[in-house]
Amino acid sequence: MNIVNPATGAIIAAVQQDDQSSLESKHNNLKEGQKEWSAVPLQKRIEILQAYSKLLAAHIETLAKTLTDEVGKPLQQSRNEINGSISRIEWLTNNAKKYLAEEIMNASAGMTELIRYEPLGIVCNISAWNYPYLVGTNVFVPALLAGNAVFYKPSEFANLTGLQIEKLLKEAGVPENVFQVAIGGAATGEILLSLPLDGYFFTGSYKTGKYIYEKVAPKMVPCQCELGGKDPLYVTDDVEDVAAVASGTADGAFYNNGQSCCAVERIYVHEKVYAAYVDAFVKEVQSWKIGNPLEDGVYLGAISRQSQLEFLENQVADAIAKGATLLTGGKRIEGDGYFFEPTVLTNVDHSMLVMQEESFGPIIGIMKVSNDEEALQMMNDTSYGLTASVYSTNRKRAEKILAATDAGTGYWNCCDRVSAALPWSGRKHSGFGATLSHAGIRAFTQPKAFHLRG
Ligand code: NAD
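About the thresholds
Residues numbered from 1 in each chain as written. Predicted model: local features only at pLDDT ≥ 70, side-chain atom pairs only at ≥ 80, totals over all residues. Heavy atoms only, no water. Helix = DSSP H or I, 4+ residues; strand = E, 2+ residues; numbered from the N terminus. Rg over C-alpha atoms; globule rule 2.2 N^0.38 Å. Buried < 20%, exposed > 50% of the residue type's maximum accessible area, 1.4 Å probe, protein only. Contact = heavy atoms within 4.5 Å. Areas by Shrake-Rupley, 256 points an atom, 1.4 Å probe, with all protein chains shown as cover. Lys, Arg positive; Asp, Glu negative; His and termini not counted. Charge placed at Lys NZ, Arg CZ, Asp CG, Glu CD. Polar contact = N/O pair within 3.5 Å; in protein donor to acceptor, adjacent residues only side chain to side chain. Near = heavy atom within 4 Å. Nonpolar A, V, L, I, M, F, W, Y, C, P; charged D, E, K, R; others polar. Domains from an automatic or database assignment. Phe/Tyr/Trp six-rings, centres within 6.5 Å; stacked < 30°, edge-to-face > 60°. Pairing = 2+ DSSP bridges. Axes fitted to C-alpha atoms, helices over the stretch in contact; angles between N-to-C directions. Buried area = accessible area lost by both parts, 1.4 Å probe. Salt bridge = Lys/Arg side-chain N within 4 Å of Asp/Glu carboxyl O.

## Points about the overall build of the chain
1) Next: A tally of regular secondary structure across the chain gives 14 helices and 22 strands.
2) Next: The globule rule puts the C-alpha radius of gyration for 454 residues at 22 Å, and the 23 Å found for the chain is close to it.
3) Next: Projected onto its principal axes, the C-alpha coordinates of the chain cover approximately 70 × 60 × 40 Å.
4) Next: Scored against the burial criterion, the 454 residues of the chain give a buried share of 58%.
5) Next: Taking the contacts inside the chain whose residues are at least 6 apart along the sequence as the reference set, 71% of them involve residues at least 24 apart.
6) Next: Entry remark: accessible area of the chain is about 18000 Å², with carbon and sulfur atoms responsible for 52%.
7) Next: On the chain, the mean spot of the 40 positive side-chain charges and the mean spot of the 51 negative ones are 5 Å from each other.

Here's what the structure looks like:
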């Protein structure tokens with residue numbers, strides 16, 4: 001399997017793809033490994049994951065360079081991602097004992113009732129490419145902490161990073177047979193779905209997630225899907241510094257070229273501040289440096305997948321055909337790599353693809369609204385439900401709107417952020433189940449109830 005650098009179009013490496021027999025043999029390894037790993041004391045497992053985190057920090061420059069070469073994001077954003085992973089591991093390892101320890105629920109008159117959090121067994125992690133360190137960390141770190149073995153399938157667009165993760169986990173002390181990597185695309189994923197694994201944790205698109213959920217259902221094992229989003233953001237009329245809000249929210253829409261599950265994908269602005277907001281927003285977008293992701297100061301690198309260029313051009317064409325105004329951008333940048341101009345559309349409405357289907361690229365539609373009710377109605381008019389954001393000086397006003405949104409996360413005066421302490425969880429076509437937080441540690445366990453008389 002060839003690895004292509006999306007910033008140059010050049011083949012930079014080749015990796016050996018797995019097949020049925022190599023995956024079966026890795027599965028057998030994991031069966032052995034899991035028994036051994038679940039017997040390792042939790043404190044030791046915590047220390048091993050902490051050692052992995054230290055290795056990430058020690059090798060950050062090499063790892064960031066590989067990530068950038070493979071997915072096209074600016075080098076500083078690759079470093080940010082690895083640092084983000086390190087801080088999530090810190091939270092997960094610091095809280096593992098609290099949420100994995102045996103819990104005595106009742107102890108009275110000769111009867112003790114307690115819960116033990118047993119591992120699921122072999123956890124399958126089918127992962128995405130847009131933040132391979134972060135989305136991987138959300139799954140394999142708590143899974144390993146809880147005593148599971150992990151079959152990790154990095155995206156076919158992030159293979160080199162997947163292999164580096166494996167190398168460092170093993171260097172940190174995760175036994176060989178406890179973490180195995182499956183290399184390949186959909187065909188490799190299909191084989192993993194056919195194996196009798198004990199839980200499936202998927203990060204990716206709604207289309208693949210739906211397919212996986214249906215395919216896993218007869219196994220009667222846990223399945224979690226962290227999927228895409230069409231995340232709305234509403235700027236009310238009481239914001240004080242419109243220009244600052246515009247530049248902060250533009251970052252929420254365009255960071256990592258908009259290839260974030262929680263990227264801002266739709267913006268609604270109160271009519272009283274609309275003109276000033278749009279003006280400042282476009283100025284901000286036009287100030288960014290686009291190009292070689294290894295170069296200092298570049299904010300927009302390459303789009304990770306070539307096929308996305310045509311997809312984005314279609315969204316732009318559809319919007320313009322239905323009456324949208326293109327304020328800046330709108331097309332691919334010709335050259336060797338896969339680059340797309342940051343694109344801002346106004347006069348948009350919900351008949352347009354750009355306001356309905358996940359763009360996953362540097363493109364945004366901004367719509368004028370006249371009050372909170374209209375904004376809320378627009379925000380909820382989506383098949384997705386990952387995050388929603390409100391900018392306002394009035395917390396009560398913002399919280400009232402956020403409480404009424406059908407999304408797993410609400411942001412007041414912020415957006416496009418994830419905290420390890422809080423559940424990361426979608427609704428509707430954004431998926432179900434949670435990673436991170438106490439819920440995301442226990443997701444990798446099966447609670448066993450003990451009724452102990454005597
Ligand atoms: P994708 O659905 O194309 O692929 C995801 C993974 O599924 C890859 O590893 C791929 O090889 C595998 N796969 C594809 N077909 C398969 C099949 N038939 N059987 C088994 N596995 C199969 O998604 P992607 O392009 O890698 O990621 C982008 C999507 O992920 C976006 O929609 C984004 O919003 C979403 N995402 C969500 C979160 C979240 O936390 N909610 C985080 C990151 C990305």
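Having put the structure on the table, let's press on.
## What to know about the side chain of glutamate 265
1) Next: Among the structural elements, glutamate 265 can be located in strand S11 (residues 264-270).
2) Next: Among the polar contacts listed, one links the side chain of glutamate 265 to the backbone nitrogen of phenylalanine 360, at a separation of 3.1 Å.
3) Next: Once residues lying within four places of it in the same chain are set aside, the contact partners of glutamate 265 are Gly229, Lys230, Asp231, Gly258, Val354, Glu357, Glu358, Ser359, Phe360, Ile364 and Gly365.

## Let's talk about the site of the ligand
1) Next: The ligand sits among 30 residues. The nearest are Glu156, Ser205, Thr208, Leu227 and Glu358.
2) Next: The separation between an oxygen atom of the ligand and a polar main-chain atom of glycine 204 is 3.2 Å.
3) Next: At 2.7 Å from a nitrogen atom of the ligand is found a main-chain nitrogen or oxygen belonging to leucine 227.
4) Next: Protein chains shield 91% of the accessible area of the ligand, which is 850 Å² for the free molecule.
5) Next: No other element matches the four residues that helix H7 (residues 186-194) contributes to the shell around the ligand.
6) Next: Partitioned by chemical class, the residues of the shell around the ligand number 14 nonpolar, 10 polar and six charged.
7) Next: Three or more residues apiece are contributed to the shell around the ligand by two domains, here domain 1 (2-227 + 430-453) and domain 2 (231-419).

## Remarks on the packing of aromatic side chains
1) Next: Within this structure, the stated rule accounts for 12 aromatic pairs.
2) Next: Geometrically, the ring pair formed by tyrosine 213 and phenylalanine 432 is tilted, given 4.5 Å between the ring centres and 45° between the ring planes. With a gap of 219 residues between them, tyrosine 213 in helix H8 (residues 206-216) and phenylalanine 432 in strand S21 (residues 431-432) connect regions that are remote in the sequence.
3) Next: Look at phenylalanine 432 and you get partly exposed, because its relative accessible area is 27%.
4) Next: Taken together through their ring pairs, the aromatic side chains of Phe254, Tyr277, Phe281, Trp288 and Tyr299 make up a single cluster.

## Some remarks on unusual backbone geometry
1) Next: At asparagine 256, a residue that is not glycine, the phi angle is positive and equals roughly 55°.
2) Next: On the basis of relative accessible area, asparagine 256 is assigned to the buried category, the value being 4%.
3) Next: In the Ramachandran plot, asparagine 257 falls in the positive-phi region, its phi being about 60° despite a non-glycine side chain.
4) Next: In this structure, asparagine 257 sits in the loop between helix H9 (242-254) and S11.

## Notes on the sheet that holds strand S4 (residues 111-119)
1) Next: Reading across from one edge, S3-S4-S22 is the order of the three strands in this open sheet, with antiparallel pairing throughout. The open sheet has two edge strands, strand S3 (103-108) and strand S22 (445-453), and neither has a second partner. Strand-to-strand twist of the sheet, defined as the mean angle between neighbouring strand axes without regard to direction, takes the value 20°.

## Things to note about the environment of valine 264
1) Next: Along the chain, valine 264 turns up in strand S11.
2) Next: Taking the C-alpha atoms as reference points, valine 264 and alanine 250, 14 residues apart in sequence, are found 8.3 Å from one another.
3) Next: Setting aside anything within four residues of it in sequence, one finds valine 264 in contact with Asp231, Leu233, Gly252, Ala253, Ile364 and Cys415.

## Focus: the domain arrangement of the chain
1) Next: Here the chain is described as being made up of domain 1 (2-227 + 430-453) and domain 2 (231-419).
2) Next: Computed over C-alpha atoms only, the centres of domain 1 and domain 2 are separated by 30 Å.
3) Next: Taken together, the contacts link 24 residues of domain 1 with 25 residues of domain 2.
4) Next: Contact between domain 1 and domain 2 buries roughly 2100 Å² in total, counting both sides, with carbon and sulfur atoms accounting for 57%.
5) Next: Here domain 1 and domain 2 share zero salt bridges between them.
6) Next: Our enumeration of links across domain 1 and domain 2 arrives at 13 residue pairs in polar contact (both at pLDDT 80 or more).
7) Next: Within the residue set of the side of domain 1 that touches domain 2, elements represented by two or more residues are helix H3 (60-71) and helix H4 (75-100).
8) Next: In the side of domain 1 that touches domain 2, the residues fall into 12 nonpolar, eight polar and four charged.

## As for the pattern of salt bridges
1) Next: Counting across every chain of the model gives 26 salt bridges.
2) Next: Glutamate 81 is the salt-bridge partner of lysine 73, the closest N and O atoms lying 2.6 Å from each other. Summarising the burial analysis for this pair, lysine 73 and glutamate 81 share the class buried.
3) Next: Notably, a salt bridge pairs glutamate 103 with arginine 442, separated by 3.5 Å at the nearest N-O pair. Taken together, the positions of glutamate 103 in strand S3 and arginine 442 in helix H14 (residues 437-442) put the pair 339 residues apart, joining distant regions of the chain.
4) Next: With a relative accessible area of 25%, glutamate 103 lands in the partly exposed category.
5) Next: Three or more residues are tied together by salt bridges with common partners; here these are Asp237, Asp238, Lys272, Asp372 and Arg397.

## Focus on the environment of asparagine 394
1) Next: Its location among the elements puts asparagine 394 in the loop between strand S18 (387-391) and helix H13 (395-403).
2) Next: Each C-alpha atom of the pair asparagine 394 and tryptophan 412 lies 9.4 Å from the other, and the pair is 18 residues apart in sequence.
3) Next: Those residues in contact with asparagine 394, other than ones at most four positions away along the chain, are Asp238 and Trp412.
4) Next: Engagement of the side chain of asparagine 394 in a polar contact is seen with the backbone nitrogen of arginine 397, the distance being 3.1 Å.

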